[in-house]
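Examining the three-dimensional arrangement
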Amino acid sequence: MSKTNITRRGLMRAGAATGAGLALPTIFTSGATAFTNEPTGDTVTFGFNVPQTGPYAEEGLDELRAQELAVEHINGMGDGGMLNTFSSKVLDGTGILGKKADFVTGDTQTKSDAARASARSMIEKDGVVMINGGSSSGVAVAVQGLCQEAGIIFMAGLTHSNDTTGKDRKANGFRHFFNAYQSGAALAPVLKNAYGTDRRAYHLTADYTWGWTQQESIQSATEALGWETVNNVLTPVGAGDFSSYITPVLNSGADVLILNHYGGDMVNSLTQAVQFGLRDAQANGKNFEVIVPLYSELMAAGAGDNIRGVYGSMNWNWQLPDEGTQAFVRSFGEKYGFPPSGSAHTCYVQTLLYADAVTRAGSFNPCAVAEALEDFEFDGMGNGPTLYRGADHQCFKDVLVMKGSDNPTTEYDTLEIVEQTPVEQVMYEPNHPMFGGDEASLGECNDGA
Amino acid sequence: MDAIILQILNGLDKGSAYALIALGLTLIFGTLGVVNFAHGALFMIGAFVAVSVQRLLGFSFEQIDPDKTDFLGNPLKVKMTYVESWFGPEVGGAIVDWSVPVAVIVAIPVMLLVGFVMERGLIKHFYKRPHADQILVTFGLAIVLQELIKYFFGANPIQTPAPSAFKGSFDFGVLIGFDPNAIIYPYWRLVYFAFAAVVLGGVFAFLRFTTFGMVVRAGMADRETVGLLGINIDKRFTLMFGLAAAVAGIAGVMYTPILSPNYHMGMDFLVLSFVVVVVGGMGSLPGAVAAGFLLGILQSFASMNEIKSILPGIDQVIMYLVAILILLTRPRGLLGRAGVMEE
C-alpha cells in the first residue's frame, strides 16, 4: 500500500508546469502570427458591418448587395464588373494572393456601441482582416477607432463628416466617400449661378458630428460667395416633426433654407418645409429656396415630388456615363433588378481597392496594405482619376452636384446630374482647420503584432 | 406675437395626435385596467394602412414605351395604374390622389379587427396579472409589430401625400391683421386638427349620450355592480378596446401627410403619449385630451430659438419636466380621480 502526500505547494507547482506545457504550442503559434488575423487557410474573410436594422437599414442592405457582388467579382464569378475597367490590373478573378474571399456580416443598427460590438465580434470570432461598410459618421469614427486598436484595416462606407479623415483620422482607416467640405466646395459655384451672391441662409442642422461639420462647411462655402448666415438651429436626430423649427424661418429674414439633415430626417424636414409653403414663398424680393447639401437616391425616393428643383451633392450616381459606372450598374442591375445607390457604390469600390492593395503589397499585413493604398492613383471606378491621399487617407476625385429632377421617368431618376465638379475644386490641405488643423494626425499604423 | 401664435398652431396638430392616442390608452386602462404599451403600434399600423391603400390604388401594369430606355438600355416599361385604366385618367387620378381619406374608411374596420384580435388573442390573458406583466407583454408585442412592418415595408420613411386640394398653406396672419407670410399654416394640419376635434367629440358623445356608453362608463366606475345587474361588461370592454384601436389607427392614417410613415413612429409617439396620460390623470378621458393639447403646445414653445438659446435642449425634456412638476404637485395628474392605480 502506498501513501501519496500531496502538498498545496506541490499541487501549485505541478499545475504551473502543466499550464506552461499546454500553453507552449499557443505561445509558438501566436509568435508565428505576424499580425492580427493573418489568414492561414485557403480563404480570407472580410467583415461587412452595415446597418441591417434601424433608420438606415435600406442603405445598409444596398451596401451589402454591392459588397457581395464585389466578393463574387474578386473570386471570378459574374461578369467582373469594375474589375474590367479598373486601371490596376493585378486582380485576375482568382481571389486574393491565392485565397478565396469570403465574408461575414454584422449589424451596426446605426448605433456606435452596437457597431463596435459587431465589429469586435467579427474581428475576434470570425478572424476578419478588414471591415467595410456603415451609413453614419458617428458609427464610422467609432469603428475606425476600434480597427486601429485591433490592428486591422477599416475601409469606411458612407461617412461624410469631415472628422472621419479630419480630427479623428486613423492610420488603419481609409475613406473613399467624399466629405462635407467637398460638398460645400462643389455646391458653392452652382448656387452662385442659380441664386446669386446676395442671399441670406438659415440652417437646420442634425445635432451630431456629421451635421456639425456639414453645416460648418456649407456655411463657409456660401459665406465665401457673399451669402449671409442668418441662423443655425440644431435639431435632434429623429425629431420627426420639424414644424417648430421650420415656422420661424420665413420671418427670420432668410431667403434660403439649408437642411443639413440626412435619411429620414431629411425626408421629413424637406416635406414639412414644402408643406409650410417655403418653396412657394417670396423673401427679400426673391424666390425662397431650399438646399439639401448631401443627397442619396434612397432619400430622394422617400421625399417624392418635394425634391424637385432642390440642389444637393453626391459622391457618385448611377447615371454617370463613364465605363466604370456602366460596368458596375450592369452587374448590379442584372443581379438585383435596379440600379445601385451611392452607398452601394462606395462599399463595392472600397472592397475592390482593399483586395487590389493586398495583391500589390503581396501581404495581408495591414501596414503593408495601408502603404499600398497611400497615395495610390487609380481610374475606372466611376469617379474619374482618383487619388487616395496618404496624408489623411481621403480619396480625392470629382464631386457631383445634383438637382431633384423636374420630370423623372422612373423611380430611379428622381435626381439629375447638374455638374461634375473637377477634383481640383474640392482639394484642400491635410491640415485644413476644418479637418483638425496641424494637430490632426494619423498616428502609427497598427498591425496588432 | 406672431411667433407665439405660430407655436400655438404648431402645438395643435401635435397635441391632436397626442390627445387621440392618449384617449385610446386611457379608454383601455379605464375599462380593462391594462397598461397597453402596444397602443403606439396601433397608431403606426394605421399609418401603414394608409401606405397599403396608396399602394393598392397605385397597383399598376407595365406598358413598353419603345421611345425610351431604362437604366440597362432595355425598352422602358411605363407603369399605368389599374384605377386610371378603369376610370380614366381624371377620375382614376383623383381616387389615387385621395388615397389618405380613402384609407380612413378602410382603416376603421381593419383597426377594429386588429384591436379585437389583439385583445382576445393576447391581452385578455393578462387582465389578472400585475401591471408589470402587462407592460412587458404589450411592449414585446409592440416590438414584434414594428419589426413585422419593417419586414414588409422597409426601414425608410414612405411618402404619403395629402390630396392636392389640401397642399400648400393658409396665410392665417393676414386674417388677423398681420403681414403676409407672418403666420402661415399648412391646410392639411388644419384638417388634422378639425378631424381630431370631430373624433374626440364623437367619442365623448358616444360615451355620454348612448346606452352603450353609459354602461361602459358605469363599468369603468364599478365593474362588479354592473356585472351583478346581468350586463356582460367584458364584451362591451372588448368592443371599447376595438374602438380605442380604431381611434389610434385613423389618427395614424391622417397623420401620414404630416410625418412620412416609418416603422418606429409608434414607439416615438407612445412614450410621449404615456406622459400625456400621466399628466392628464390615469383613467381620466378629459384629462388625457387636455394634457395632449397642453403638452403639444408646450413642446412647440420649447422648440423656439429664443427659448432654446436660454435653455439649450429644453425641447427634448420639457414634457418630462412638466410631468415631474405635475406629479409633485398633483400626484393624480391634472384631472385624475382617487383610487386609480392606488392600492
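What you see is a predicted model, and the numbers here were worked out from it, not measured in a lab.

As a further point, take the overall build of chain B. The helix and strand tally for chain B stands at 14 helices and four strands. Computed over the C-alpha atoms, the radius of gyration of chain B is 22 Å, within 12% of the 20 Å expected from 2.2 N^0.38 for a compact globule of 343 residues. Seen through its principal axes, chain B has C-alpha atoms that stretch 75 × 50 × 35 Å. Classification of the 343 residues of chain B by burial places 51% in the buried group. A separation threshold of at least 6 residues defines the contact pool for chain B, and within that pool the share at least 24 residues apart is 72%. Total accessible area on chain B is roughly 15500 Å²; 69% of this is exposed by carbon and sulfur atoms. Separation of charge centres in chain B, based on 21 positive and 22 negative side chains, amounts to 11 Å.

It is worth spelling out the pattern of salt bridges at this point. Once the charged atoms of two side chains with opposite charge are near each other, the side chains can pair. Tallying each qualifying case throughout the model produces 20 salt bridges over all chains. With a shortest N-O distance of 3.9 Å, A:Asp163 and A:Lys167 are connected by a salt bridge. Here B:Asp133 and B:Arg129 are joined by a salt bridge, their closest N and O atoms 3.0 Å apart. Classification of B:Asp133 as partly exposed rests on a relative accessible area of 24%.

With that settled, the discussion passes to the side chain of A:Thr351. Residues and elements named next belong to chain A. Among the structural elements, Thr 351 can be located in helix α11 (residues 342-361). Of note is the side chain of Thr 351, whose polar atom sits 2.7 Å from the backbone oxygen of Cys 347. Contact partners of Thr 351, with chain neighbours within four places excluded, come to Phe 46, Phe 48, Gln 67, Ala 70, Ile 74, Met 130 and Asn 132.

As a further point, take the nonpolar core. Ranked by internal contacts, the top residues of the largest apolar core, which has 221 residues, are A:Phe46, A:Leu257, A:Tyr295, A:Leu353, A:Tyr354 and B:Tyr192. The dominant element in this core, judged by the number of residues it contributes, is helix α1 (residues 2-32) of chain B, at 16 residues. In contact with A:Phe46, not counting residues within four places along its chain, are A:Val71, A:Ile74, A:Ile96, A:Ala101, A:Asp102, A:Phe103, A:Val104, A:Val128, A:Val129, A:Met130, A:Thr351 and A:Tyr354. The next biggest cluster of nonpolar side chains, apart from the first, holds 15 residues, and it includes A:Ala119, A:Ile131, A:Ile152 and A:Ala156.

Residue and element names in this part refer to chain A. With antiparallel pairing, the three strands of this open sheet are ordered in space as β13-β14-β15. Strands with a single pairing partner mark the edges of an open sheet, and in this sheet they are β13 (376-378) and β15 (395-396). As paired strands, β13 and strand β14 (residues 386-388) are joined by three bridges and run antiparallel to one another. What sits directly across from Glu 377, in β14, is Leu 387. Where α11 meets the sheet, its contacts fall on β13 and β14, and the angle it forms with β13 comes to roughly 125°.

Moving on to the pairing of strand β2 (residues 75-81) of chain B. Residue and element names in this part refer to chain B. Of the pairings in the sheet, the one linking strand β1 (residues 60-69) to β2 comprises seven bridges and is antiparallel in character. Each bridged residue has a counterpart across the sheet, and for Asp 65 the counterpart in β2 is Leu 76. Joining the antiparallel neighbours β1 and β2 is a turn of five residues, in which Gly 73 adopts a positive phi near 90°.

On to the state of the cysteines, then. Between two cysteines, a covalent bond joining their sulfur atoms is known as a disulfide. Residue and element names in this part refer to chain A. According to the stated counting rule, one finds one disulfide over all chains in the structure shown. Disulfide partner of Cys 367: Cys 445, at an S-S distance of 2.2 Å. Residues Cys 367 and Cys 445 are joined by a disulfide whose S-S torsion is about -100°; by sign, that bridge is left-handed. One end of the pair, Cys 367, is in helix α12 (residues 366-373); the other, Cys 445, is in the segment after β17 (415-421), with 78 residues separating them in the sequence. Here Cys 367 falls in the partly exposed class, since its relative accessible area comes to 22%. What makes Cys 445 partly exposed here is its relative accessible area of 28%. Cysteine Cys 147 is unpaired, with the sulfur of Cys 445 as its nearest cysteine sulfur at 12 Å. Here Cys 147 falls in the buried class, since its relative accessible area comes to 0%.

Our next topic: the interface of chain B and chain A. Contact residues are listed per partner, giving 37 residues for chain B and 46 residues for chain A. Counting the surface lost from both chain B and chain A, the interface buries some 3100 Å², and carbon and sulfur atoms represent 50% of this. On the chain B side of the interface with chain A, the three residues burying the most area are B:Phe71, B:Gln159 and B:Asn305, jointly 20% of the side's total. Linking chain B with chain A are one salt bridge. Of the charged contacts in the structure, one is a salt bridge between B:Arg189 and A:Asp241, with a shortest N-O distance of 3.5 Å. There are 11 residue pairs in polar contact (both at pLDDT 80 or more) connecting chain B and chain A. At the level of elements, α1, β2, β4 (184-186), α13 (305-310) and α14 (314-329) of chain B are the ones that each hand at least two residues to the side of chain B that touches chain A. No other element matches α1(B), which puts six residues into the side of chain B that touches chain A. Its residues assigned to classes, the side of chain B that touches chain A shows 15 nonpolar, 13 polar and nine charged.

Here the focus is the domain arrangement of chain A. Residue and element names in this part refer to chain A. Here the domain parsing of chain A yields domain 1 (43-178 + 318-397) and domain 2 (181-314). On a C-alpha basis, the centroid separation for the pair domain 1 and domain 2 is 30 Å. The interface is formed by 19 residues belonging to domain 1 together with 17 residues belonging to domain 2. Carbon and sulfur atoms supply 55% of the area buried between domain 1 and domain 2, which totals about 1500 Å² over both sides. Considering only the side of domain 1, the residues that lose the most area to domain 2 are His 160, Asn 162 and Phe 178, jointly responsible for 38% of the buried surface there. The tally of links from domain 1 across to domain 2 stands at zero salt bridges. On the surface where domain 1 and domain 2 come into contact, there are 12 residue pairs in polar contact (both at pLDDT 80 or more). Looking at the side of domain 1 that touches domain 2, the elements with two or more residues in it are α2 (57-74), α4 (137-150) and β15.

All names here are of chain A. Strand β1 (residues 43-50) sits mainly inside the fold: seven of its eight residues count as buried. Taken together, the eight bridges between β1 and strand β2 (residues 100-107) define a ladder with parallel strand orientation. Across the sheet, residue Val 50 finds its bridge partner in β2, namely Asp 107. By the bridge criterion, three bridges tie β1 to strand β3 (residues 130-133) in an arrangement that is parallel. Bridging from a neighbouring strand, Phe 46 pairs with Met 130 of β3.

Criteria and thresholds
- Residue positions are given per chain, counting from 1 as you read along its sequence in written order.
- Chain A is the first chain written and ligand 1 is the first ligand written, with later ones labelled in order.
- For this predicted model, a pLDDT threshold of at least 70 governs which residues receive local features, and a threshold of 80 or more governs which side-chain atom pairs are given and counted, while totals over whole chains, interfaces and linings are taken from all residues.
- Excluded from the side-chain calculation are hydrogens and water; included are all heavy atoms of the structure.
- Secondary structure is summarised from DSSP: a helix means a run of H or I of at least four residues, a strand means a run of E of at least two, and numbering begins at the N terminus for each.
- It is over C-alpha atoms that the radius of gyration is taken, and the globule rule equals 2.2 Å times the number of residues to the power 0.38.
- Think of it in three bands: with a 1.4 Å probe and only protein chains considered, a residue is buried below 20% of the maximum accessible area for its type, exposed above 50%, and partly exposed in between.
- Whether two residues are in contact is decided by their heavy atoms: any pair within 4.5 Å suffices.
- Accessible surface is estimated by sampling points in the Shrake-Rupley manner with a 1.4 Å probe; for residues, cover comes only from the protein chains shown.
- Counting rule applied: Lys, Arg positive; Asp, Glu negative; His and chain ends not counted.
- Note that the charge is assigned to NZ on lysines, CZ on arginines, CG on aspartates and CD on glutamates.
- The term salt bridge refers to a pairing of a side-chain nitrogen on Lys or Arg with a carboxyl oxygen on Asp or Glu at a separation within 4 Å.
- Definition of a polar contact: a pair of N or O atoms within 3.5 Å, with one able to donate and the other able to accept a hydrogen when the atoms are protein atoms, and with sequence-neighbouring residues admitted only if both atoms are side-chain atoms.
- As used here, the term nonpolar core means buried Ala, Val, Leu, Ile, Met, Phe, Trp, Tyr and Cys residues forming a set that is joined through side-chain atoms within 4.5 Å.
- Two strands pair if DSSP finds at least two bridges between them.
- Under this scheme, a helix contributes an axis fitted over its contacting stretch, all axes are lines through C-alpha atoms, and angles between N-to-C directions fall in the 0 to 180 degree range.
- Cysteine sulfur atoms that pair up within 2.5 Å are treated as a disulfide.
- Buried area, as used here, totals the accessible surface that two parts lose on assembly, with accessibility defined by a 1.4 Å probe and the loss added over both.
- Note that Gly is not counted as nonpolar here; it falls among the polar residues with everything else outside the nonpolar set of Ala, Val, Leu, Ile, Met, Phe, Trp, Tyr, Cys and Pro and the charged set of Asp, Glu, Lys and Arg.
- An automatic or database domain assignment supplies the residue ranges for each domain.

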